[in-house]
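These are the residues of each chain, in order.
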2 protein chains.
Amino acid sequence: MAVKKVYGTPACPATMRVLASMLEHGLDFEFIYVDLKAGDHMKESFLSLSFGQVPVFQDDQDLTLFESRAIMRFISHHYPKPGKEQVYEAPKEQGIVAAWIDVEDHQFDPPASKLRTELLEKPLNGMSADKQVVAEAEANLARVLDVYEERLKDSKYLGGDKFTSADLTHLPNLYYLMKTPVKRLFDERARVSGWCRDLLARSAWAKVVDMVEKI
Amino acid sequence: MAVKKVYGTPACPATMRVLASMLEHGLDFEFIYVDLKAGDHMKESFLSLSFGQVPVFQDDQDLTLFESRAIMRFISHHYPKPGKEQVYEAPKEQGIVAAWIDVEDHQFDPPASKLRTELLEKPLNGMSADKQVVAEAEANLARVLDVYEERLKDSKYLGGDKFTSADLTHLPNLYYLMKTPVKRLFDERARVSGWCRDLLARSAWAKVVDMVEKI
């Protein structure tokens, strides 16, 4: 039988998003490590359509997908867990989940990714963080988290009362930011802080962290 | 009977994306002009969850949605046209459409929006374009269009052989870029150029242009 495959770089947030989605849905897959620095992403012809980016997902049914959030959407709709955990069937609830996935993409991800780069990646490469970039990104992230704090008054999770892709999509950057002083922006907001702890404690996420730290 | 509402600013690409989707699906709606410069977006309480951005969509069934691409996804799945034109039912095809919507968002939109700002908005406001920004954005857009030219060898549209949201989402920026010298990047690529003409000739799009030019 053909096997599902995920091509990616384990420490990259987009790859981690797809790994989390696969593991949350209990799917078996083969992980193929793509070493971007070694130019691996140029070797596989299908990567030309993914703009040379990882992750790329290959389903066992002749389907190759790229864009981490599109892969995550596909998995939750095509491989729902027994009992339909994590995916809403009704169009209205699906629409709300889709909106919060785009909020993560357009509002949360830009400042969160900047802070990850400045506070974790640069120091790892012997560079120091740009204080002005950090201050601006922190201010932007704080504004986003204020909206999240409001939203979490209405529902336990961002997409509704059950955990969905709208929450899952945040996990890679939440994981990284908890290792930085930016953690205090989460701690200062009671609902956001509880939401964040809840997500990071999921057993599927523990497996992703385990994979990332092993490689 | 309650009526669907679109809150927005007509010349804004995100608002135009939602208008195009509503009109493509033959939906009746009320358009509420939100004057961002006059601070209108601070007056409606629901805009606090939309990060003060337009468009916002209110369905007649107690649903308020923001994020233009999420609204577009919701409309195509919840209000498919008779004969299911424009939306694929099979998960595989839906996944491919979802991936190309994200390609527009992450690859096409950034250089296209930069070029629109530099070549159309700035001159309108008495400023001149930054030549270096234009050159970089043109080079990025050219690389994206090379991938589109390849993709359009396999299928008539980006998401498959029928017109879907994966194409529609490009319309606002295509419309604006055709008014600039960047048009040549499209003209130089036979399939991209045909695809672009085909999209801009859709009757629903003509109605959007009509609305935008009237207000």
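Residues numbered from 1 in each chain as written. Chains lettered and ligands numbered in written order. Predicted model: local features only at pLDDT ≥ 70, side-chain atom pairs only at ≥ 80, totals over all residues. Heavy atoms only, no water.

Chain A is annotated in an unreviewed UniProt entry as glutathione transferase of Theobroma cacao. Quoted verbatim from the Subcellular location (unreviewed entry) field of the UniProt record, the comment on chain A reads "Cytoplasm, Cytosol". Annotation of chain A in UniProt includes, under Catalytic activity (unreviewed entry), the sentence "RX + glutathione = an S-substituted glutathione + a halide anion + H(+)". (UniProt positions renumbered as here; feature names shortened; annotations may be inferred.)

Caption draft 1: Inspection of the interface of chain A and chain B at higher detail. Listed as interface residues are 31 residues of chain A and, on the opposing side, 31 residues of chain B. Contact between chain A and chain B buries roughly 2,700 Å² in total, counting both sides, with carbon and sulfur atoms accounting for 67%. Summed over the shared surface of chain A and chain B, the number is two salt bridges. For Lys-92 of chain B, the salt bridge is made with Asp-62 of chain A, and the minimal N-O distance between the two is 3.5 Å. At the surface where chain A touches chain B, the tally comes to ten residue pairs in polar contact (both at pLDDT 80 or more). Mapped onto the side of chain A that touches chain B, the elements with two or more residues apiece are β4 (63-66), α2 (68-78), α3 (91-124) and α4 (131-154) of chain A. Tallying contributions element by element places α3 of chain A first for the side of chain A that touches chain B, with twelve residues. Among the residues forming the side of chain A that touches chain B, the class breakdown is 16 nonpolar, seven polar and eight charged. (Contact = heavy atoms within 4.5 Å. Buried area = accessible area lost by both parts, 1.4 Å probe. Salt bridge = Lys/Arg side-chain N within 4 Å of Asp/Glu carboxyl O. Polar contact = N/O pair within 3.5 Å; in protein donor to acceptor, adjacent residues only side chain to side chain. Helix = DSSP H or I, 4+ residues; strand = E, 2+ residues; numbered from the N terminus. Nonpolar A, V, L, I, M, F, W, Y, C, P; charged D, E, K, R; others polar.)

Caption draft 2: Representation of the relation of the copies chain A and chain B. The two copies are related by a screw operation: chain A maps onto chain B through 180° of rotation and 0.0 Å of translation along the axis, at an RMSD of 0.0 Å. Viewed as a symmetry operation, the transformation between the two copies matches a two-fold axis. Interface residue correspondence from chain A to chain B reaches 100%, placing this contact among same-surface, isologous pairings. (Least-squares fit on C-alpha atoms with pLDDT ≥ 70 in both.)

Caption draft 3: Expanded view of the nonpolar core. If you look at the biggest cluster of nonpolar residues, it comprises 136 residues, and the most contacted ones within it are Tyr-148, Phe-186 and Trp-195 of chain A together with Tyr-148, Phe-186 and Trp-195 of chain B. Excluding its chain neighbours within four sequence positions, the residues that come into contact with Phe-186 of chain B are Phe-108, Leu-141, Leu-145, Leu-174, Leu-177, Met-178, Val-192, Ser-193 and Cys-196 of chain B. (Core = buried A, V, L, I, M, F, W, Y, C linked by side-chain atoms within 4.5 Å. Buried < 20%, exposed > 50% of the residue type's maximum accessible area, 1.4 Å probe, protein only.)

Caption draft 4: Representation of the packing of α4 of chain A against helix α8 (residues 190-200) of chain A in the model. All names here are of chain A. Here α4 crosses α8 at 85°, and the two axes come no closer than 8 Å. The angle between α4 and α8 places the two elements in the roughly perpendicular class. Between α4 and α8, the residues in contact are Leu-145, Tyr-148, Glu-149, Leu-152 and Lys-153 and Ala-190, Arg-191, Val-192 and Trp-195, respectively. Its residues placed into classes, the contact of α4 with α8 shows six nonpolar, no polar and three charged. (Axes fitted to C-alpha atoms, helices over the stretch in contact; angles between N-to-C directions. Parallel < 35°, antiparallel > 145°, perpendicular 65-115°, else oblique.)

Caption draft 5: Representation of the layout of surface pockets in the model. In this structure, the second largest pocket occupies an estimated 650 Å³ of space. Lining the second largest pocket are 36 residues, with His-77 and Gln-94 of chain A together with Arg-73, His-77 and Gln-94 of chain B positioned closest to its centre. Those elements that place two or more of their residues in the lining of the second largest pocket are α2 and α3 of chain A together with α2 (68-78) and α3 (91-124) of chain B. For the lining of the second largest pocket, a count of residues per class yields 16 nonpolar, 16 polar and four charged. (1 Å grid on protein atoms, 1.4 Å probe; cavity = no way out; pocket = protein on both sides within 12 Å on 5 of 7 lines; lining within 4 Å. Points joined across faces, edges and corners; volume = space filled by probe spheres on them.)

Caption draft 6: Representation of unusual backbone geometry within the structure. Residue and element names in this part refer to chain A. Cis peptide bonds are those with omega within 30 degrees of zero, and the linkage from Val-54 to Pro-55 qualifies with 5°. Its place among the elements puts Pro-55 in the loop between β2 (30-33) and β3 (56-59). Residues other than glycine seldom take positive phi values, yet Glu-67 does so here, at roughly 70°. With respect to the element layout, Glu-67 can be found in the loop between β4 and α2. With a relative accessible area of 11%, Glu-67 lands in the buried category.

Caption draft 7: Structural detail: the UniProt feature "domain: GST C-terminal" (unreviewed entry) in chain A. Residues annotated in UniProt with the feature "domain: GST C-terminal" (unreviewed entry) correspond here to residues 90-215 of chain A. Measuring from the first to the last C-alpha atom of residues 90-215 of chain A gives 40 Å, for a span that is 77% helix and 0% strand.

Caption draft 8: Main features of the confidence of the model for chain A. Across chain A, pLDDT averages 91, with 93% of residues at or above 70. Model confidence for the complex is summarised by a pTM of 0.93, with the ipTM given as 0.91. (pLDDT = per-residue confidence, 0-100.)

Caption draft 9: How the structure looks around the pattern of salt bridges. Residue and element names in this part refer to chain A. As enumerated under the stated definition, the model contains 34 salt bridges over all chains in all. For the salt bridge of Glu-118 with Lys-122, the shortest nitrogen-to-oxygen distance reads 3.1 Å. With Glu-118 and Lys-122 both in helix α3, this residue pair falls four residues apart, about one helical turn. This pair shows no difference in class: Glu-118 is buried, exactly as Lys-122 is. Here the salt bridges do not stand alone but share partners, grouping Arg-17, Arg-69, Glu-104, Asp-105 and Asp-109 into one network.

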